[in-house]
Amino acid sequence: MKIAVTAKGKELSSPVDPRFGRAAHILIVDSETMDFVALDNSGNVNALKGAGIQAATMICEQGAEVLLTGYCGPNAFRTLEAAGIKVGSDTTGTVAEAVDNFKRGAVRFSEAANAEGHW
Amino acid sequence: MIISVASGKGGTGKTTVATNLAVSFGSGCTLLDCDVEEPNAHLFLHPHIDRSETVTTFVPVVDESRCSACRKCADICRFCAITVIGEKVLVFPELCHSCGGCQVVCPENAISDGQRELGVIEWGMGTGVPVIQGRIRVGEAMSPPLIRKVRAAADTEDQIIIDAPPGTSCPVIAAMRGADFILMVTEPTPFGLHDLKLAVGAVQMLGIPCGLVINRADMGDDRVRGYALAERLPILLEIPFDRKIAEAYSCGRMIVEVMPEWKEKFRELLQQIKVEILASSWRRKER
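Since the model is a prediction, treat every value here as computed from it, not as a measurement. Every residue gets a number counted from 1 within its own chain, in the order that chain's sequence is written. Here every chain gets a letter starting at A, and every ligand a number starting at 1, in the order they are written. Totals for whole chains, interfaces and linings use every residue, but because this is a predicted model, local features are given only for residues with pLDDT of at least 70 and side-chain atom pairs only at 80 or more, for both listing and counting. Note: side-chain values were computed over all heavy atoms of the structure, leaving out hydrogens and water.

### Remarks on the environment of Val59(B)
Residue and element names in this part refer to chain B. For helices the rule is a DSSP run of H or I covering at least 4 residues; for strands it is a run of E covering at least 2, with both sets numbered from the N terminus onward. The topology assignment puts Val59 in strand β3 (residues 48–62). In this structure, the C-alpha to C-alpha distance between Val59 and Ala164, residues 105 residues apart in sequence, is 26 Å. Every residue in contact with Val59, bar those within four places of it in the chain, is listed here: Pro93, Cys96, Ser112, Asp113, Gly114, Gln115 and Arg116. Between two residues, a contact is recorded if the distance between any of their heavy atoms is within 4.5 Å.

Below, the structure written as structure tokens:
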């Protein structure tokens, strides 16, 4: 299964970036093999609006079924929900730790956005 | 003639100047309160609102039965107000800037006109002055379309005085663009000067003649005056830091009500503005 994790760097050892739409990188990790691709999210970091919507569209196109991140706003959450992507919020530690936690069944999925929309 | 009263910094006295100017002008002058996020000219002019209209703006509505999920709408939208997830189109109406691009590029004609409420326009007569004010809907983030509607509601034959919002961003530009003169209200403080410079920069880009009113003129320092000299900005009026004016303000009364002799000063201000507009059109011709 493909897991999307927001990250401050491009490695599995990189710390999780708590921001979703404006995360520096988003890693798409295969939970079985731990193979991954690091998506450059810099185009969204400085987006005027809709960074979360754009990021959600991007990880959906990459075939992710789960997103592990820190905070997720209402528009991003609505997009992820439409894509059928489950969201694990309040994720900390490194990307590898986050994926491990998911594999151990230790991730609780969110029912709603856990951050306010911002203008 | 359209005079837009702007400031850069908030709280310098835009509304004080705009309302006193409008009342001093006499008949044939309309005041537009374009500070639609917090219109306050009504606190001084006390208009009796006799007409109100809801203003809406275009947002896309997608007919899913016609949509082929081609993504053309999502690709053209700069604001992510429309996106395609798999076969599903998602619209975020509150992000839409109403350009209509999605509708134009849709090859299936699947996008029809929807509406988002921006706020209301209200008409009333207060202290002898026709007032048109915009009030944005609570939760609405985009004020420029409502500001443009307020401006379009005015009779262009009239002398129009616009009470603009503070700052230098899109709402202010919407309240200044197309005006004949920008009356910049400032105060002789470091903050006043800092934001005045930004606002004057915006006015210069718009190419509109501009002059200053210095409010609370006898406090602070002389740096605003120095800046005005260097930039060749005429100082058209100075209003003192006077307890009587502050007391009147706190009761919703204008300067000209408690100090009727000020009516003449505001009329002179109007005359000076006319002269400045003339001079500036001459300067433009000379170039």
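### Describing the sheet that holds strand β5 (residues 86–88) of chain A
Adjacent strands of a sheet form backbone hydrogen bonds with each other and so pair up, either parallel or antiparallel. Residue and element names in this part refer to chain A. When DSSP finds two or more bridges between a pair of strands, those strands are recorded as paired. Taken in spatial order, the five strands make up an open sheet running β3-β2-β1-β4-β5, and their pairing is mixed. Looking along the sheet, the strands with just one partner apiece sit at the ends: β3 (36–40) and β5. Pairwise comparison of adjacent strand axes, ignoring direction, gives a mean angle of 20° for this sheet. Helix axes use the C-alpha atoms of the stretch in contact, all axes being lines fitted to C-alpha atoms, and the angles between their N-to-C directions lie in the range 0 to 180 degrees. Where helix α4 (residues 95–103) meets the sheet, its contacts fall on β1 (2–7), β2 (25–30) and β4 (66–68), and the angle it forms with β1 comes to roughly 140°.

### Things to note about the packing of helix α1 (residues 14–25) of chain B against helix α11 (residues 262–286) of chain B
All names here are of chain B. Where α1 contacts α11, the two axes come as close as 9 Å, and the packing angle between them is 95°. With respect to each other, α1 and α11 are oriented roughly perpendicular. Residues Val17, Asn20, Leu21, Val23, Ser24 and Phe25 of α1 lie in contact with α11, whose contacting residues are Lys263, Phe266, Arg267, Leu269 and Leu270. Looking at side-chain class alone, the contact of α1 with α11 contains seven nonpolar, two polar and two charged residues. Orientation labels follow simple angle bins: below 35 degrees gives roughly parallel, above 145 gives roughly antiparallel, 65 to 115 gives roughly perpendicular, and whatever is left gives oblique. Only Asp, Glu, Lys and Arg are considered charged, only Ala, Val, Leu, Ile, Met, Phe, Trp, Tyr, Cys and Pro nonpolar, and every remaining residue, Gly among them, polar.

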